[in-house]
Amino acid sequence: MAPALDIRVPLDVPPEEEERYRENYHKITHGTGRLMLIAGDQKIEHLNDDFFGEGIHPDDANPEHLFQIASRGRIGVFAAQLGLLARYARDYPDVPYLVKLNSKTNLIKTSQSDPVSSELYHVRQVVDLRDRTGLSILGVGYTVYIGSEYEPLMLYQASQIVNMAHKHGLITVLWMYPRGAAVKDERNSHLVAGAAGVAAAIGSDFAKVNPPKIDGVIDAALLSEAAAAAGRTGVVCSGGTRADVPEFLQQLHDQIHIGGMMGNATGRNVHQRSLDEAVRFCNAISAITLDDASVDEALKVYGGEK
Amino acid sequence: MAPALDIRVPLDVPPEEEERYRENYHKITHGTGRLMLIAGDQKIEHLNDDFFGEGIHPDDANPEHLFQIASRGRIGVFAAQLGLLARYARDYPDVPYLVKLNSKTNLIKTSQSDPVSSELYHVRQVVDLRDRTGLSILGVGYTVYIGSEYEPLMLYQASQIVNMAHKHGLITVLWMYPRGAAVKDERNSHLVAGAAGVAAAIGSDFAKVNPPKIDGVIDAALLSEAAAAAGRTGVVCSGGTRADVPEFLQQLHDQIHIGGMMGNATGRNVHQRSLDEAVRFCNAISAITLDDASVDEALKVYGGEK
Amino acid sequence: MAPALDIRVPLDVPPEEEERYRENYHKITHGTGRLMLIAGDQKIEHLNDDFFGEGIHPDDANPEHLFQIASRGRIGVFAAQLGLLARYARDYPDVPYLVKLNSKTNLIKTSQSDPVSSELYHVRQVVDLRDRTGLSILGVGYTVYIGSEYEPLMLYQASQIVNMAHKHGLITVLWMYPRGAAVKDERNSHLVAGAAGVAAAIGSDFAKVNPPKIDGVIDAALLSEAAAAAGRTGVVCSGGTRADVPEFLQQLHDQIHIGGMMGNATGRNVHQRSLDEAVRFCNAISAITLDDASVDEALKVYGGEK
Amino acid sequence: MAPALDIRVPLDVPPEEEERYRENYHKITHGTGRLMLIAGDQKIEHLNDDFFGEGIHPDDANPEHLFQIASRGRIGVFAAQLGLLARYARDYPDVPYLVKLNSKTNLIKTSQSDPVSSELYHVRQVVDLRDRTGLSILGVGYTVYIGSEYEPLMLYQASQIVNMAHKHGLITVLWMYPRGAAVKDERNSHLVAGAAGVAAAIGSDFAKVNPPKIDGVIDAALLSEAAAAAGRTGVVCSGGTRADVPEFLQQLHDQIHIGGMMGNATGRNVHQRSLDEAVRFCNAISAITLDDASVDEALKVYGGEK
Amino acid sequence: MAPALDIRVPLDVPPEEEERYRENYHKITHGTGRLMLIAGDQKIEHLNDDFFGEGIHPDDANPEHLFQIASRGRIGVFAAQLGLLARYARDYPDVPYLVKLNSKTNLIKTSQSDPVSSELYHVRQVVDLRDRTGLSILGVGYTVYIGSEYEPLMLYQASQIVNMAHKHGLITVLWMYPRGAAVKDERNSHLVAGAAGVAAAIGSDFAKVNPPKIDGVIDAALLSEAAAAAGRTGVVCSGGTRADVPEFLQQLHDQIHIGGMMGNATGRNVHQRSLDEAVRFCNAISAITLDDASVDEALKVYGGEK
């Protein structure tokens with residue numbers, strides 16, 4: 001079983017929004033404190049690379065595929081830009097949403113210029129949409145590239161977003177990536193821990209990091225430093241590039257049970273599959289993240305046996 | 001016949017503007033869902049290159065020519081900057097207008113500096129003009145150069161414009177062009193599809209792209225990836241450099257029926273002709289775009305036979 | 001005779017300001033549609049180069065000289081920065097004023113950096129001064145350097161200024177200069193026409209251009225393309241560097257009657273003379289611009305014979 | 001004994017906030033005029049370098065360690081970012097807090113780019129939190145890098161922060177560091193004095209400087225120039241890199257009694273120890289800073305004998 | 001005797017502030033129209049270089065020295081940053097103050113980067129302080145570096161400050177310095193005149209310039225061009241680097257009676273002396289500036305004989 005949920009409401013949530021914050025936190029973690037996030041912000045972040053090409057199921061060519069997965073699979077929250085959400089959410093009213101507030105394309109490489117990803121939407125606009133439509137918008141997300149020459153802009157926007165989101169009872173997830181000419185090894189575990197600590201210092205509920213490597217190899221134990229550094233901010237890990245299913249689920253299990261991760265954030269590994277397979281894969285991930293299932297149990301969920 | 005119109009009102013249109021949004025969408029597509037846009041923003045974008053010189057009819061030297069075409073031809077919408085519109089629209093009150101909100105000259109080449117085109121007018125000013133004058137302003141447009149070092153500025157302004165335009169019942173068209181030092185082949189079909197997908201992610205009603213090429217050759221089939229990637233955002237294609245009439249109309253027909261385009265955006269190919277010919281050419285384009293006419297039927301319209 | 005005045009009020013002038021706009025347009029053109037503008041913004045633009053030195057009359061050393069000319073000569077409007085106006089206009093209440101909203105010094109050359117001239121004052125401040133003091137402030141002016149890397153800033157400010165000025169019934173004049181590393185020949189007639197067209201696209205009442213040259217020689221016929229490209233926006237030409245009087249007046253006559261110019265914008269050629277001569281020279285210019293006088297008639301005015 | 005406290009309320013504190021300012025000044029200095037500040041902003045400033053690694057006690061891996069020290073030790077004020085405070089302060093309501101308003105990571109070195117640290121939070125947000133929760137937030141802090149190419153931004157934000165903080169009765173501490181390509185020796189005593197003088201010119205209550213060196217050696221007497229230059233602004237000194245306890249306490253004693261410092265600002269030297277030792281070390285520092293204890297007396301406090 | 005005071009209230013002073021403007025102008029010039037300004041903004045501009053070191057009296061190490069001079073000496077106005085003023089002015093309520101709104105340190109040399117000095121405080125904050133405390137704040141000051149690549153920012157802020165200050169009845173002094181990579185000889189008299197003319201164009205009451213040189217030698221006659229170019233804007237000159245007293249007073253006398261200066265702005269030459277000497281030196285300067293005393297008479301004042 002996942003740990004019992006002890007929700008500590010941060011002080012920047014005003015009393016009149018505490019109940020909503022608790023409910024959102026409970027929903028987004030299914031009462032476990034662990035986050036199961038499906039990332040659907042790649043149409044900007046990776047252009048069409050993640051949606052069309054060799055090894056990608058044709059279902060993924062249509063943006064609606066993301067909403068269908070989020071609707072049928074067992075997830076904590078589905079992250080997308082406000083514009084995409086505005087075009088599809090009317091038909092998928094039961095999906096729990098998280099609005100990704102910034103995004104950039106992958107065209108400019110770090111060798112040309114340090115990365116910068118600036119707000120596309122303000123928290124105020126998310127709150128307005130939520131309050132007017134009654135959509136289940138549980139939180140907001142934002143990417144910070146620490147070590148970039150544009151770090152001051154992103155640290156400022158992230159700090160303001162966390163503060164404003166909490167003011168309106170929303171949960172926050174910060175994608176924390178060290179990147180830029182000054183960053184020699186963005187997968188170094190000490191640096192990843194530092195990135196997670198920055199998210200804690202600006203008060204986010206969750207920080208999403210990339211899995212650290214040592215000598216080019218992922219090792220879940222390397223995550224412990226980040227989990228500790230983040231304190232009350234839950235750290236979640238990305239699934240990274242597409243892996244085969246047993247390997248992926250084993251990594252996830254290790255991240256949680258060895259690395260101390262408080263969930264997962266998965267994108268391509270889910271949506272590049274057919275709708276049916278993607279839904280089963282979501283459910284397998286949720287079994288591990290939310291039910292403390294073993295890898296074998298999760299594989300049965302993936303196989304449709306459970 | 002063009003497909004029956006199924007208007008899905010995005011969620012960022014508030015209830016009190018839904019009716020207006022539906023009417024605007026219906027008008028701008030003549031109830032077909034397909035957009036027939038005449039672009040008249042080149043006085044900034046191309047300075048006087050498109051209006052005066054060899055092969056350009058003398059009628060085109062006068063900016064009023066654009067309004068005369070838009071007034072007499074059968075079009076979906078005529079796009080121009082607010083200033084030009086303010087000087088002529090009183091005399092052309094029946095033209096359906098779309099205000100192009102940003103523009104830049106063509107003087108600085110990408111080899112000197114990455115392209116940046118910033119808002120000249122705010123949606124608020126367009127709405128004020130519409131509401132005060134009763135002009136038929138149906139939408140707003142904006143150009144985004146993804147891959148430019150100024151992408152964050154343009155993505156932000158575009159996202160905000162779509163959100164604000166929808167808030168006031170206006171239709172949005174985003175010109176999506178990959179351009180900048182980081183962009184090696186801006187006509188690559190996968191990249192064009194990515195650009196169309198960005199427009200979908202920020203919630204635009206339509207995205208205008210340049211026709212992709214393979215080995216330097218246009219092929220309408222290459223557009224299918226973009227049409228799919230954009231989902232509920234309709235993709236339209238530019239006519240590009242001036243082509244002879246049958247070739248142009250065949251390309252348009254292919255873009256729609258092979259490439260899945262939801263219309264066209266045409267500028268020079270129309271307005272560089274005499275008023276009479278430009279009007280007939282508009283009507284030929286509309287026959288294909290709005291009536292599902294064959295190329296031969298459209299040529300008859302162009303020839304004045306229909 | 002100059003053409004009868006047909007004032008077309010642009011749509012961004014609200015109904016309650018239409019009458020004021022008509023009056024301002026009538027006054028600034030003496031009911032002819034032609035603008036006779038005396039430029040007095042050089043204390044920033046050219047520092048003291050235009051006011052003190054060889055060949056410059058000592059009267060010109062004192063800034064009040066400009067106001068004395070504007071007060072005694074027959075002019076359409078006198079352009080100066082708000083600060084200068086605030087110090088002298090109380091003593092020259094009958095002068096028709098135009099506030100030049102941006103200015104830069106001439107210290108940084110284009111070889112060092114592309115030109116940028118940013119707003120010093122906002123239209124709101126001009127309107128406040130006009131409404132409080134009752135001064136005859138008829139319009140505002142702004143310089144745009146197209147082709148500069150700072151073009152987006154200046155195009156934005158210019159567009160906003162035209163829109164805001166019209167909202168308050170003010171006439172607008174845009175100084176349109178192609179300049180920057182990307183501009184190889186800023187006197188090319190096709191480029192000058194493009195610059196005039198940009199002013200039309202952002203809705204200005206008048207555009208001021210530098211006279212185009214071919215093979216280094218000014219030819220008034222080269223202006224026709226600009227006059228056409230600007231449509232309902234009147235184009236006026238600068239007198240350029242100091243010329244002898246008959247040559248200057250002949251050029252002005254040609255600009256109007258051959259080039260289609262709608263007036264003139266003159267600075268140094270007027271104010272570097274003694275007060276008496278400057279006044280007579282103003283009157284000679286006005287004879288051509290406002291009365292359709294011949295060059296010979298204008299020379300008589302200059303000579304004090306008329 | 002420390003000097004009797006003579007609180008001179010600066011004029012930018014309005015009458016209705018004077019009492020609060022006096023109380024805050026009294027609390028933050030324990031009525032002595034001397035500041036005993038524990039810095040807890042390093043999770044951004046130094047990432048995880050100060051919290052995990054060789055020679056650092058495992059207690060320090062968890063951010064809560066900072067709050068535990070601040071809660072059990074005798075301190076003047078504990079400085080941290082608003083986000084961290086929002087997550088833990090509910091459980092540590094008796095700690096006196098100072099919100100550090102800006103922070104940057106240490107990834108970009110001065111050899112790559114001049115340092116810039118921009119506001120993450122506005123004074124308004126701190127005041128809102130204080131007024132709503134009743135937390136003991138006594139002041140705000142901000143770092144200025146004079147000599148950086150970004151100095152204008154930081155001087156502006158610092159000036160505004162001091163003014164706004166005083167308006168709401170808060171005490172201000174400015175971290176004044178000369179740094180950037182233009183700064184050859186940031187530990188030069190004349191330059192450090194200049195930095196302290198800047199803090200006085202913009203009206204801060206306290207300035208924190210790094211201890212100056214001559215020929216690479218720290219000498220408390222070098223601080224006298226800074227103490228004088230700052231006038232009524234109290235100067236405090238950092239403990240710098242980790243030193244052994246007697247050496248650290250001797251330096252602190254010298255800074256106060258030879259250098260004229262008005263307190264200390266200590267971070268790593270405190271929190272890298274176990275909770276128990278860190279608390280005793282805090283108390284030893286406070287004995288010197290607040291009670292005018294001798295080094296020997298302070299060592300007894302550290303040893304738990306007093 | 002100095003000329004009788006003819007106060008011409010600029011038009012950007014609204015009627016309800018005219019009386020205050022007249023009073024401020026009268027006070028700041030002791031009814032003579034000539035400005036006697038003591039500059040105390042060097043703690044940022046020159047760090048501690050002007051306050052501590054060889055040849056500087058120890059009295060100058062303490063910032064309060066400046067206030068003591070301003071309080072005991074006969075001056076027109078004492079210029080300092082708002083923060084410094086806020087800390088000391090309660091004890092020196094009778095001093096006439098001018099708030100210097102921008103300042104930069106001297107660390108970055110022009111060879112590294114063009115100079116930029118940005119607003120630290122807004123006029124609104126100065127007005128609030130004046131109105132709330134009743135302090136004798138008569139004006140505001142600002143430095144403009146024309147020819148710097150940051151000229152547009154500074155020209156904009158200066159223009160807005162003059163306009164806003166006048167709106168609230170405050171007198172304005174602009175420090176006008178040509179500086180930057182584009183400026184080859186910042187002491188050239190024609191360029192200094194241009195700088196003074198810029199201050200006139202943006203409507204300042206006074207412009208402070210550095211004394212022009214020819215072949216490296218100061219000559220008061222060179223100032224005449226600037227005095228003329230500035231028109232109704234009074235030009236004052238700096239005392240420059242420290243000179244011996246008779247030489248300094250002779251230069252001041254020449255600047256006024258040969259160069260047409262309307263006063264002086266003096267800093268180091270005053271405050272680097274002991275309090276007693278500084279006060280006598282102030283009085284000697286005032287004798288020349290305000291009483292039209294001869295150099296000999298002023299020397300007697302300096303000597304304490306008068």
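Just so you know, these numbers come straight off a predicted model, no measurement behind them. (Residues numbered from 1 in each chain as written. Chains lettered and ligands numbered in written order. Predicted model: local features only at pLDDT ≥ 70, side-chain atom pairs only at ≥ 80, totals over all residues. Heavy atoms only, no water.)

Moving on, we get to the arrangement of the chains. For the non-touching pair chain A and chain E, the nearest C-alpha separation works out to 19 Å. The two units chain B and chain E are non-contacting; their minimal C-alpha-C-alpha distance is 19 Å. (Contact = heavy atoms within 4.5 Å.)

One widely used convention gives an interface's size as the accessible area the parts lose upon coming together. In this complex, chain C contributes 46 residues to the contact, which on the side of chain B involves 39 residues. With both chains or domains summed, chain C and chain B bury close to 3,300 Å², and 56% of this area falls on carbon and sulfur atoms. Contact with chain B buries surface across chain C, with C:Leu11, C:Ala201 and C:Arg232 losing the most and accounting together for 24% of the total. Inspection of the region where chain C meets chain B yields four salt bridges. For B:Arg90, the salt bridge is made with C:Glu18, and the minimal N-O distance between the two is 3.7 Å. The tally of links from chain C across to chain B stands at 23 residue pairs in polar contact (both at pLDDT 80 or more). The set of elements that each furnish at least two residues to the side of chain C that touches chain B consists of helix H1 (15–28), helix H6 (151–167), helix H7 (189–201) and helix H8 (224–229) of chain C. The element contributing the most residues to the side of chain C that touches chain B is H7(C), with nine residues. Classifying every residue of the side of chain C that touches chain B by side-chain character gives 24 nonpolar, 13 polar and nine charged. (Buried area = accessible area lost by both parts, 1.4 Å probe. Salt bridge = Lys/Arg side-chain N within 4 Å of Asp/Glu carboxyl O. Polar contact = N/O pair within 3.5 Å; in protein donor to acceptor, adjacent residues only side chain to side chain. Helix = DSSP H or I, 4+ residues; strand = E, 2+ residues; numbered from the N terminus. Nonpolar A, V, L, I, M, F, W, Y, C, P; charged D, E, K, R; others polar.)

Next up on the list: the sheet that holds strand S9 (residues 234–238) of chain D. Residue and element names in this part refer to chain D. The eight strands lie next to each other as S1-S2-S3-S4-S5-S6-S9-S10, forming a closed barrel whose pairing is parallel. Taken pair by pair, the neighbouring strands of this sheet meet at an average axis angle of 25 degrees, ignoring direction. Bridge count between strand S1 (residues 35–39) and strand S2 (residues 77–80): three bridges; the pairing is parallel. From the neighbouring strand, isoleucine 38 faces S2, where its bridge partner is phenylalanine 78. Across the face of the sheet, helix H6 (residues 151–167) comes into contact with strand S4 (137–146) and strand S5 (171–178) while running at roughly 160 degrees to S4. (Pairing = 2+ DSSP bridges. Axes fitted to C-alpha atoms, helices over the stretch in contact; angles between N-to-C directions.)

The phi angle at B:Asp292 is positive, at roughly 55 degrees, despite the residue not being glycine. In this structure, E:His30 is a non-glycine residue whose phi angle is positive, near 50 degrees.

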